[in-house]
Protein chains: 2
Amino acid sequence: MRPDQPPVPSQEGTVRRTSAQQPPTLRDVAEAAGVHAATASRALNPKTRRLVSADTARRVMKAAKTLGYQPNPIARSLKTSKSSTVGVVVPDLTNPLFPPIVRGIENVLEVAGYSAWIVNTDNDRERERTRIDSLRSRHVEGLIIATARLDHPLLGSLHEQGVKMVLVNRRVEDLQIPFVTADDAGGIALAVRHLAGLGHTRIAHLAGPRNTSSGVVRARAFRHAIRDHELEDDPALIAECAYWNEADGADAMRGLLDRGTPFTAVVAGNDLIALGCYDVFAERGISCPEDISVVGFNDMPFLDKLRPPLTTVGVPHGDIGAEAARMLLDCIEGPERQSHSLLLPVSLVIRGSTARPSA
Amino acid sequence: MRPDQPPVPSQEGTVRRTSAQQPPTLRDVAEAAGVHAATASRALNPKTRRLVSADTARRVMKAAKTLGYQPNPIARSLKTSKSSTVGVVVPDLTNPLFPPIVRGIENVLEVAGYSAWIVNTDNDRERERTRIDSLRSRHVEGLIIATARLDHPLLGSLHEQGVKMVLVNRRVEDLQIPFVTADDAGGIALAVRHLAGLGHTRIAHLAGPRNTSSGVVRARAFRHAIRDHELEDDPALIAECAYWNEADGADAMRGLLDRGTPFTAVVAGNDLIALGCYDVFAERGISCPEDISVVGFNDMPFLDKLRPPLTTVGVPHGDIGAEAARMLLDCIEGPERQSHSLLLPVSLVIRGSTARPSA
DNA sequence: TTGTAGGCGTTATCAT
DNA sequence: ATGATAACGCCTACAA
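How each quantity is defined
- Residues numbered from 1 in each chain as written.
- Chains lettered and ligands numbered in written order.
- Predicted model: local features only at pLDDT ≥ 70, side-chain atom pairs only at ≥ 80, totals over all residues.
- Heavy atoms only, no water.
- Helix = DSSP H or I, 4+ residues; strand = E, 2+ residues; numbered from the N terminus.
- Buried < 20%, exposed > 50% of the residue type's maximum accessible area, 1.4 Å probe, protein only.
- Near = heavy atom within 4 Å.
- Polar contact = N/O pair within 3.5 Å; in protein donor to acceptor, adjacent residues only side chain to side chain.
- Nonpolar A, V, L, I, M, F, W, Y, C, P; charged D, E, K, R; others polar.
- 1 Å grid on protein atoms, 1.4 Å probe; cavity = no way out; pocket = protein on both sides within 12 Å on 5 of 7 lines; lining within 4 Å.
- Points joined across faces, edges and corners; volume = space filled by probe spheres on them.
- Axes fitted to C-alpha atoms, helices over the stretch in contact; angles between N-to-C directions.
- Parallel < 35°, antiparallel > 145°, perpendicular 65-115°, else oblique.
- Contact = heavy atoms within 4.5 Å.
- Lys, Arg positive; Asp, Glu negative; His and termini not counted.
- Salt bridge = Lys/Arg side-chain N within 4 Å of Asp/Glu carboxyl O.
- Phe/Tyr/Trp six-rings, centres within 6.5 Å; stacked < 30°, edge-to-face > 60°.
- Lys NZ or Arg CZ within 6 Å of the ring centre and 35° of its normal.
- Buried area = accessible area lost by both parts, 1.4 Å probe.
- Pairing = 2+ DSSP bridges.
- Least-squares fit on C-alpha atoms with pLDDT ≥ 70 in both.
- Right-handed = clockwise from strand over helix to strand, strands pointing away.

Q: Let's hear about unusual backbone geometry: which residues, and what values?
A: Cis geometry marks the peptide bond from A:Cys288 to A:Pro289; its omega dihedral reads 10 degrees. For the bond from B:Arg307 to B:Pro308, the omega torsion is -15 degrees, close enough to zero to count as cis. Positive phi values are uncommon outside glycine, yet B:Asp299 reaches one of about 55 degrees. Among the secondary structure elements, B:Asp299 is positioned in the loop between β9 (293–295) and β10 (312–314). Classification of B:Asp299 by relative accessible area gives partly exposed; the value is 26%.

Q: Tell me about the protein's contact with DNA strand C, and name the residues and values.
A: Not every one of the 26 residues close to DNA strand C is listed here, only the nearest: A:Leu26, A:Tyr69, B:Thr39, B:Arg42 and B:Thr56. Among atoms of DNA strand C positioned within 4 Å of the protein, sugar and phosphate together represent 65%. Interatomic distance of 3.1 Å between a backbone N/O atom of A:Asn72 and a phosphate oxygen of DNA strand C. One of the side-chain N or O atoms of B:Lys79 is found 3.1 Å from a base nitrogen in DNA strand C. Mapped onto the surface near DNA strand C, the elements with two or more residues apiece are α3 (37–44) and α5 (73–80) of chain A together with α3 (37–44) and α5 (73–80) of chain B. Looking at the surface near DNA strand C element by element, the count peaks at 4 residues for α5(A). Residues of the surface near DNA strand C, tallied by class, amount to 11 nonpolar, 8 polar and 7 charged.

Q: Which residues make up empty space enclosed by the protein, and what values do they have?
A: Tallied over the full model, the rule gives 8 cavities of 30 Å³ or more. Estimates place the volume of the largest cavity at around 230 Å³. Lining the largest cavity are 14 residues, with A:Ile74, A:Trp117, B:Ile74, B:Trp117 and B:Arg138 positioned closest to its centre. Elements that contribute at least two residues to the lining of the largest cavity include exactly α5 of chain A together with α5 of chain B. Counted by class, the lining of the largest cavity contains 6 nonpolar, 6 polar and 2 charged residues.

Q: Run through the packing of α3(A) against helix α4 (residues 54–67) of chain A, naming residues and quoting values.
A: All names here are of chain A. At a closest axis distance of 9 Å, the pairing of α3 and α4 adopts a crossing angle of 90 degrees. By the angle class used here, α3 and α4 are roughly perpendicular. On α4, the residues that touch Thr39, Ala40, Ala43 and Leu44 of α3 are Thr56, Ala57, Val60, Met61 and Ala64. Residue composition of the contact of α3 with α4, by class: 7 nonpolar, 2 polar and no charged.

Q: Go over the side chain of A:Glu106, please, and point to the residues and values.
A: One can find A:Glu106 in helix α6 (residues 98–111). An unpaired buried charge is present at A:Glu106: no salt bridge exists, and A:Arg103, the closest side chain of opposite charge, is 4.5 Å distant. Residues contacting A:Glu106, with those up to four places away along its chain left out, are A:Ala116, A:Ile118, B:Ile118 and B:Asn120.

Q: An account of the packing of aromatic side chains is requested, with residue identities and associated values reported.
A: The full count for this structure, using the stated rule, is 1 aromatic pair over all chains. On the numbers, 3.7 Å between centres and 20 degrees between planes, the contact of A:Trp117 with B:Trp117 is stacked. Residue A:Trp117 is found in strand β2 (residues 115–120), and its partner B:Trp117 is found in strand β2 (residues 115–120); the two belong to separate chains. Looking at A:Trp117, the relative accessible area reads 6%, which means it is buried. It is A:Arg138 that lies over the ring of A:Trp117; its NZ or CZ is 5.1 Å from the centre.

Q: An account of the interface of chain B and chain A is needed here, citing residue identities and associated values.
A: Of the residues lining the interface, 48 residues belong to chain B; the matching set on chain A comes to 48 residues. Each partner contributes to the roughly 4,000 Å² buried at the junction of chain B and chain A, and carbon and sulfur atoms together form 59% of this total. Considering only the surface of chain B that becomes buried against chain A, B:Ile74, B:Arg103 and B:Lys305 emerge as the three largest contributors, covering 18% of it. Its salt-bridge partner being B:Glu110, residue A:Arg127 comes within 3.2 Å of it at the nearest N-O pair.

Q: Describe the protein's contact with DNA strand D, naming the residues involved and giving the relevant values.
A: Near DNA strand D you find 25 residues, and of these A:Thr39, A:Thr56, B:Leu26, B:Tyr69 and B:Arg76 are the closest. Close to the protein, within 4 Å, the atoms of DNA strand D belong to sugar or phosphate groups at a rate of 60%. Here a phosphate oxygen of DNA strand D sits 2.5 Å away from a polar atom, N or O, in the side chain of A:Thr56. In this structure, a phosphate oxygen belonging to DNA strand D sits 3.1 Å away from a main-chain N or O atom of B:Asn72. Counting residues per element, the ones that place at least two in the surface near DNA strand D are α3 and α5 of chain A together with α3 and α5 of chain B.

Q: Lay out the sheet that holds strand β8 (residues 265–268) of chain B with the relevant residues and their values.
A: Backbone hydrogen bonds are what pair the strands of a sheet, in a parallel or an antiparallel way. Residue and element names in this part refer to chain B. Taken in spatial order, the 4 strands line up as β7-β6-β8-β9 in an open sheet, and their pairing is parallel. Of all strands in the sheet, those bounded by a partner on one side alone are β7 (238–240) and β9. Going from strand to strand, the sheet's axes swing by 20 degrees on average, the running direction of each strand aside. Pairing of strand β6 (residues 203–207) with β8 involves 4 bridges; the strand directions are parallel. By the bridge assignment, alanine 204 is partnered in β8 with valine 266. The strands touched by helix α9 (residues 184–198) are β6, β8 and β9; relative to β8, the strand with the most contacts, the crossing angle is about 170 degrees. Contacts between helix α12 (residues 271–284) and the sheet are confined to β6, β8 and β9, with β6 contributing the most and set at about 120 degrees to the helix.

Q: Please provide a residue-by-residue account of the layout of surface pockets, values included.
A: What the second largest pocket holds in volume is close to 780 Å³. A:Pro91, A:Asn95, A:Phe98, A:Trp244 and A:Leu272 are, among the 43 residues lining the second largest pocket, the residues nearest its centre. Counting residues per element, the ones that place at least two in the lining of the second largest pocket are α6, α10 (213–228) and α13 (317–333) of chain A together with α6 (98–111) of chain B. For the lining of the second largest pocket, the leading source of residues is α6(A), giving 3 residues. Looking at the lining of the second largest pocket, its residues break down into 23 nonpolar, 13 polar and 7 charged.

Q: Can you explain the relation of the copies chain B and chain A? Please cite residues and give values.
A: Rotating chain B by 180 degrees about the axis while translating it 0.0 Å along that axis superimposes it on chain A, leaving an RMSD of 0.1 Å. In symmetry terms, the pair is related by a two-fold rotation axis. Minimal C-alpha separation from the rotation axis in chain B is found for B:Leu306, amounting to 2.1 Å. A shared interface surface links the copies, since 100% of the contact residues of chain B are contact residues in chain A too.

Q: Let's hear about the pairing of strand β6 (residues 203–207) of chain A: which residues, and what values?
A: Residues and elements named next belong to chain A. Taken across its 5 residues, β6 has 5 buried, putting it largely inside the fold. Residues of β6 alternate between two faces, with Ile203, His205 and Ala207 on one and Ala204 and Leu206 on the opposite face, all of them buried. For β6 and strand β7 (residues 238–240), the ladder comprises 3 bridges, and the chain directions are parallel. Looking at the pairing, alanine 207 lines up with glutamate 240 of β7. Read as a crossover between parallel neighbours, the route from β6 over α10 to β7 is right-handed.

Q: Break down the pairing of β2(B) for me, citing the residues and quoting the values.
A: Residue and element names in this part refer to chain B. Here β2 lies mainly inside the structure; 6 of its 6 residues are buried. The side-chain alternation of β2 yields two buried faces, one formed by Ser115, Trp117 and Val119 and the other by Ala116, Ile118 and Asn120. Across 6 bridges, the pairing between strand β1 (residues 85–90) and β2 is parallel. Paired with valine 86 across the two strands is alanine 116, which belongs to β2. Where the polypeptide runs from β1 across α6 and back to β2, its parallel neighbour, the crossover connection is right-handed.

Now the structure itself:
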C-alpha cells in the first residue's frame, strides 16, 4: 500500500485504481499480485526474471497485463541513468537526403527499444552546439551525426569526453570516430568511367565544400579518375561550392562557364548541385545532354521526372542509417571493442542527362 | 554534502566534482553557493525566483554557471510529470510533404523549451497504435497528428481520455479535435478556375482517399467548382486513389483513360498523384500539357524542374506545423479554453503543365 | 526568506 | 526466493 493512502486493506489496489484515472504503477501490479514491488520489478524484467519463482513471475505478469501496466521510462531512466534514447543530428530534414537515413536509423532503434531525438542544425555551428547540448541534457546515450566537417573541434571534444557517436555520410579528419558513408570514391569513378565511355574528354567537376570529407574525397577521386582515363586534367575544370545546395551549385556552374574553359560534361558533387546546373542551363539556353552532360550523386527521389532525368550515383541511404544505428547500439551496449567504420557500395543510375558529346 | 559522501568538510562540492566526471546536480550548485538545494532550486527557476533574496539568487546562478549546471530533465519530469515533450505522428518522413511541417513544429517547440518525438506509421493502423502507445509511455504532453482519417476510433478514444492533440492536414469527422489544414476547398477552386479560364470544359479529378478529410473536401470542392463554372459535370470524370501516392495516382489515371470518357485537364488530389499521371503519360505517349493539362496540390520541392514543370497549389507547410505547435502548447499550458481550428490560405503556382486545350 | 522532509516510479543492494 | 530500504535528481508543501 502506498504511504500516502489511508490504511485501508485495499486488495487489488482498488483504492488507487478507482479514485483516479492515473496509469498503474509497479506497486499497483505488485499489490494485485500479492507481492512486493521489488519482486514485481524482478518478475517483469526479462534479465532478472530468473531470480523469482516461476509461479510468482506468472502471477505478476498476469497482473501487469490485466492492469495494463506500462513501465514508466522516466522513473526507470532516473534510476538507471539510461534513457534508451539517441540523438540524431542533421543539417536540415527538408533536404531529401536525410529522411531515408533517419528512417533507417529508426527502424533499427525501434526493435532495440530505443527512440531517436532528431535535431536540425541548419549548418549553423552555434545552433549545432546548442542543439547537441540540449540532446545531452536529455541524457541521450549516443549521437548519430550527419553534419561532420573535416575539422570539427566540437566533435573532437565530445569524443574526448567519451560521448558515444557514429558519423553518417561524412567523417572527421584525424579522429578515430566510427563512420558509415557511401563509397564516394567508387561512385565518382563510376561516373567518370561512364562519361569517358560516352566519349567525353573535357569533364568538369563541381566539388562539394572542401570542409567536408565527402567534398574532398569526391574531388580527389575525380582527379584520379580523370588521370586513369587519360582525360583532360585541367584545374580550371574544377569549381567548388560553399554548400551542398542548388544555389551554390548554380553559382559554381556560372563561374565555370564564365571562365571560358570548354567542357562537355560535368560531375556534380551531389544531386542538388546538379539541379543548380539545370537552373543555369535554363538561364543561358544550354541544352542538356546535347550541349553538356550532367551526373549527380545520391539519387534523391523524383530525379527520374526531371527534365532531363538525371543520371546519378545511387546511394543506399536507408542502409547507411541502419548500419550507423547498429554500430551506435554496439558502442552503447557492447564493451570497449574497437569500433570499425563502414563504406557502403554505390551504383550508377543512368538516365537522360548524359549522352555522347555532340561536338 | 551528499549522504553517501564521507564526512569531509567539502566546500564547493570539490569531492564530487573531482572524483568523477559526472554532471553537477542541484546539490552541487547549492553547496557551491552555500545554500540548501531547495533554495537553489527556487533561485534557478524563474517562476519561483522572487521567493529568494536577490543576493542569494545571484550567488546561486553564478555557481550554476561556473559549474556548468544543467537541470536533469528526467528527474524534473519524474517530479512534475511533465516531460516538455510532444509526439509528432506522420505517415512517412520520406514523403516530402512532412519535413517542412516538422520543421515548423520544431521551430515553435524549441523556443518554448519543448522537443518533438517523431514517429512514422507507414499508414499502418497497428503500427500507428503501437507508436502512439510508445509516445504515451514516454509521457509526451501532447500529440500532433498528420495521419488522421475521417473515421478514426483511435483518435476518438485518445481524445476522450483527455490526450491533448492537434491534427495537421486532416481532420476527423464528428469530433471536436482542433486541426490546422490548408484551405483545401479554396485551392481546388483556384485550380478549376485556372483551367476553366484556359478554356477547358471537360476536367477530371483524381481524388485522394475518401477516408481522409482532404480527399473528401477536395473532391467536394471540385464538384462545386465544376458547377460554378458550368463545366461538364460527369461522374465518370472522377476517380479515387486508395493512397496519396504516385502508384495509386498512376492507376487512377489509367482507369480514367481506359474508361474512354474524354477530358483535356485533370486536377490531381496532390502532387504525388500528379506524378503518377506523368508516369502514365510517358507510358502511353500522351503529351502534357498539349494533350492533357495537370494541376497538383502542395507544391512539393523541385516540381519546377519536372518535365513539364507542374502547376500546383502552394501550401504553407511550415506555417501549418508552426500553428499546430502553437495550438498544442496553448492546450498544454493554457486552461480549458475552447480550442479553435485553423484554415491556412493557399495560392496557385502556375507552371508548364497547364495550357489551353489544343482540341 | 530559507530549510526540512517527503515523494515522483523504478531498480539495486542489502538482509531475511 | 522475496522483502525492506534507499537512492536516482528534482520540486514543493510546510515549517521555521
